[in-house]
Amino acid sequence: MPQFALLQNDTFLRALLRQPTDYTPVWLMRQAGRYLPEYRATREKAGSFLGLAKNPDYATEVTLQPIDRYPLDASILFSDILTVPDAMGLGLYFVDGEGPKFERPLRTEADVMALREPDLASLDYVFKAVTQIRTALNGRVPLIGFSGSPWTLACYMVEGGGSKEFHTIKKMLYNRPDLMHRILETNASAVAAYLNAQIDAGAQAVMIFDSWGGALADGAYQTFSLQYMQKVMAQLKREKDGVRIPAVVFTKGGGLWLEQIADIGADAVGLDWTVDLGRARALVGHKVALQGNLDPAILFASPDQIRAEVERTLTAYGKPAAGGGHVFNLGHGISQFTPPESVTAMVDAVHSFSRQQRA
């Protein structure tokens, strides 16, 4: 196991563990991405998105780009949530303008019965990237590893790509719940093993992205998404070499189920922009930290408007107190059309206003 540099800025980890911080830490979902000209240049060099994600050198380069540009408090591994189903042999490919697709989606009983957890050796490029990024960060900020949730991965695996209606997977869910549960059981084991391998490789926190949990009906969400995230949590390594590894879960559209999400064993719950942070804080008490939840579209506004919205969001959470924790983030990933200077305005506003709140 490589020896890593001592962490110089642990504000993000402290906030997740509900320990006191001097200011509110901030990072962005999709912070290494197409809104940055340096990312676009590296992607061109790599030749394709998968060429970028599967090459540890390129993945390291793009993970560090936003850290070099902005005073962010955490970095996140550059990868894709679909690495796991790709390693299960479903044949991931990307179509320009249409996003990810699978050559062999799970449509029949035979497809589902043949599904197996991936051999982690086939995901070695991810673990190599984690170790390389952690080394290159040299202790500047912590590194977050991540995975899609069992349900969100299943959506792509059954639909064969992205979807607005989720007709194919919902048909399976209601007609053949036995098959649905089999896919989700396999995914939950695979996700836990994948995240644990990222922790072994050097990830200092992990996050589960349940991008499509909000597409489910109440009742179905608990049965087909939340239950399986809880199974992942139960199998996760929570410390490495005596150091706590915090875990964050984020269901987009999951505000309705906040209290139930807070009960599955994660250290923090991510929120989209439909939730009031003060109300969320009152609901979860000291059970979990909260992460979020600025509307990414605000980054198209003027610097003054961005500052005002940041202050409104931090004020909604309220003054930090013992037993609570808040990590500032967007309510979803940053848009590829965001002006890079808007991020500067946002990060500066978070740091300066949150210090004032504590004064």
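Just so it is clear, the model here is predicted, and its values are computed rather than measured. (Residues numbered from 1 in each chain as written. Predicted model: local features only at pLDDT ≥ 70, side-chain atom pairs only at ≥ 80, totals over all residues. Heavy atoms only, no water.)

Residues W27, M180, I183 and M346 are the most contacted members of the largest nonpolar core, which totals 128 residues. Top contributing element to this core by residue count: helix α10 (residues 177-201), with 13 residues. When residues no more than four places from it in sequence are discounted, the contact partners of W27 are F12, L72, A74, I76, I144, M207, F209, Q291, V327, F328 and N329. (Core = buried A, V, L, I, M, F, W, Y, C linked by side-chain atoms within 4.5 Å. Buried < 20%, exposed > 50% of the residue type's maximum accessible area, 1.4 Å probe, protein only. Helix = DSSP H or I, 4+ residues; strand = E, 2+ residues; numbered from the N terminus. Contact = heavy atoms within 4.5 Å.)

Moving on, we come to empty space enclosed by the protein. Applying the stated criterion to the full structure yields 2 cavities of 30 Å³ or more. One number sums up the size of the largest cavity: a volume of about 40 Å³. Residue lining of the largest cavity: T251, G254, G255, I261, V269, G270, L271, D272 and V275, and that is the complete set. Residue classes in the lining of the largest cavity are distributed as 4 nonpolar, 4 polar and 1 charged. By volume, the second largest cavity is sized at about 30 Å³. Contributing to the lining of the second largest cavity are R281, V284, G285, V288, L290, Y317, G324 and G325. (1 Å grid on protein atoms, 1.4 Å probe; cavity = no way out; pocket = protein on both sides within 12 Å on 5 of 7 lines; lining within 4 Å. Points joined across faces, edges and corners; volume = space filled by probe spheres on them. Nonpolar A, V, L, I, M, F, W, Y, C, P; charged D, E, K, R; others polar.)

As summarised here, the arrangement of the 7 strands in space is β1-β4-β5-β8-β9-β10-β11, forming an open sheet in which the pairing is parallel. On the outer flanks of this sheet lie β1 (75-76) and β11 (326-327), each paired with one strand and no other. Sheet analysis places strand β5 (residues 205-210) next to strand β8 (residues 247-251), joined by 5 bridges and oriented parallel. The partner of M207 across the bridge, within β8, is V248. The strands touched by α10 within the sheet are β4 (143-148) and β5, with β4 carrying the most contacts at an inclination of about 165°. (Pairing = 2+ DSSP bridges. Axes fitted to C-alpha atoms, helices over the stretch in contact; angles between N-to-C directions.)

Turning next to the pattern of salt bridges. Pairs can form between side chains of opposite charge whenever their charged atoms are close. Enumeration over the complete set of coordinates arrives at 17 salt bridges. R176 is the salt-bridge partner of E109, the closest N and O atoms lying 3.0 Å from each other. Of this pair, E109 sits in helix α6 (residues 109-114) while R176 is found in the loop between α9 (167-175) and α10, placing the two residues 67 residues apart along the sequence. In this structure E109 comes out as partly exposed when scored by relative accessible area, which is 41%. Each member of the salt-bridge network shares a partner with another, and the members are E109, R176 and D178. (Salt bridge = Lys/Arg side-chain N within 4 Å of Asp/Glu carboxyl O.)

A word on unusual backbone geometry. Put simply, G292 and N293 share a cis peptide bond, and its omega is 0°. Even without glycine at this site, R30 takes up a positive phi of about 65°. Note on placement: R30 falls in the loop between α1 (11-16) and α2 (37-46). Despite not being glycine, F166 shows a phi value in the positive range, around 60°. Within the element layout of this structure, F166 appears in the loop between α8 (150-159) and α9.

This part is about the pairing of β4. β4 sits mainly inside the fold: 6 of its 6 residues count as buried. With 2 bridges connecting them, β1 and β4 associate as parallel partners. Looking across to β4, one finds that I76 is bridged to I144. Pairing geometry for β4 and β5, over 5 bridges, is parallel. Paired with G148 across the strands is F209, a residue of β5.

Our focus in this paragraph is the environment of P25. Counting through the fold element by element, P25 comes out in the loop between α1 and α2. Exposure remark for P25: the relative accessible area of 0% places this residue in the buried category. For P25 and T186, which are 161 residues apart along the polypeptide, the C-alpha to C-alpha distance reads 35 Å.

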